[in-house]
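The lines below spell out each chain.
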Amino acid sequence: EPPVPKEMRLRVYPNPASTEVTFEIPQLSGPALLKVFDLSGKLVWSGESRSSVIWQTKGYPVGLYYYSLSCEGKESWSGKVSIIR
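Here's what I pulled together on the structure shown here. Fair warning: this is a prediction, and the values are worked out from it, not measured in the lab. (Residues numbered from 1 in each chain as written. Predicted model: local features only at pLDDT ≥ 70, side-chain atom pairs only at ≥ 80, totals over all residues. Heavy atoms only, no water.)

1. Observations concerning the packing of aromatic side chains
- Applying the stated rule across the entire model yields 4 aromatic pairs.
- Ring geometry for Trp 55 versus Tyr 60: centroids 5.1 Å apart, planes at 70 degrees, classification edge-to-face. As far as the burial class goes, Trp 55 and Tyr 60 line up, both buried.
- One aromatic cluster is present, formed by Trp 45, Trp 55, Tyr 60 and Tyr 65 through successive ring pairs. (Phe/Tyr/Trp six-rings, centres within 6.5 Å; stacked < 30°, edge-to-face > 60°. Buried < 20%, exposed > 50% of the residue type's maximum accessible area, 1.4 Å probe, protein only.)

2. A look at the sheet that holds strand S7 (residues 75-83)
- Pairing is antiparallel across the open sheet formed by 4 strands, whose spatial order is S4-S3-S6-S7. Both edges of this open sheet fall to strand S4 (43-49) and S7, since each of them pairs with a single strand only. When the angles between neighbouring strand axes are averaged without regard to direction, this sheet yields 20 degrees.
- Note: strand S6 (residues 63-71) against S7, 9 bridges, orientation antiparallel. Within S7, the residue paired with Cys 71 across the bridge is Glu 75. (Pairing = 2+ DSSP bridges. Helix = DSSP H or I, 4+ residues; strand = E, 2+ residues; numbered from the N terminus. Axes fitted to C-alpha atoms, helices over the stretch in contact; angles between N-to-C directions.)

3. Here we look at the sheet that holds strand S2 (residues 20-24)
- Read from one edge of the open sheet, 3 strands run S1-S2-S5, paired in antiparallel fashion. Two strands lie at the open edges of the sheet, namely strand S1 (11-13) and strand S5 (52-56), each paired on one side alone. On average, each strand axis in the sheet is tilted by 15 degrees relative to the strand beside it, whichever way the strands run.
- Relative to S2, S1 is paired through 3 bridges, and the arrangement is antiparallel. Within S2, the position partnered with Arg 11 by the bridge is Glu 24.

4. Observations regarding the nonpolar core
- Membership of the largest hydrophobic core comes to 18 residues, with the highest contact counts inside it found for Leu 10, Phe 23, Leu 34, Trp 55, Tyr 65 and Leu 69.
- Among the secondary structure elements, those contributing two or more residues to this core are S2, strand S3 (32-37), S5, S6 and S7.
- In terms of residue count, the dominant contributor to this core is S6 (4 residues). (Core = buried A, V, L, I, M, F, W, Y, C linked by side-chain atoms within 4.5 Å.)

5. Some words on a nonpolar patch on the surface
- A cluster of nonpolar residues, Leu 39, Leu 64 and Tyr 66, forms a patch on the protein surface that exposes about 270 Å² of accessible area.
- Tracing the backbone through its elements, the reader meets Leu 39 in the loop between S3 and S4. (Patch = residues over 30% accessible without salt bridge, like charges linked within 9 Å, V, L, I, M, F, W, Y side chains within 5 Å. Areas by Shrake-Rupley, 256 points an atom, 1.4 Å probe, with all protein chains shown as cover. Salt bridge = Lys/Arg side-chain N within 4 Å of Asp/Glu carboxyl O.)

6. Considering the environment of Trp 55
- Residue placement: Trp 55 occurs in strand S5.
- Expressed as a C-alpha distance, the spacing of Trp 55 and Thr 19, which sit 36 residues apart in the sequence, is 8.6 Å.

7. Observations concerning the pairing of S6
- The pairing of S3 with S6 spans 6 bridges and is antiparallel. Counterpart to Ala 32 in the pairing with S6 is Cys 71.

Have a look at this one:
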């Protein structure tokens, strides 16, 4: 599998976050679907966008979350984000 071109890299900020996390992918070819999971693997939030997705983290417990982002089933990214207060 070829590496993801630099311009297609996902930016996740701020991390750690207190009120919201922005997931930004420049040069997307189509809609991106973001899924956020807690440590047990339970889906706690999902959102869709064409360039960036913002997860409002108010009301979610502090701690570590995993995310998975895919664009039309082609490109995909995953990682971790922390919520702090």
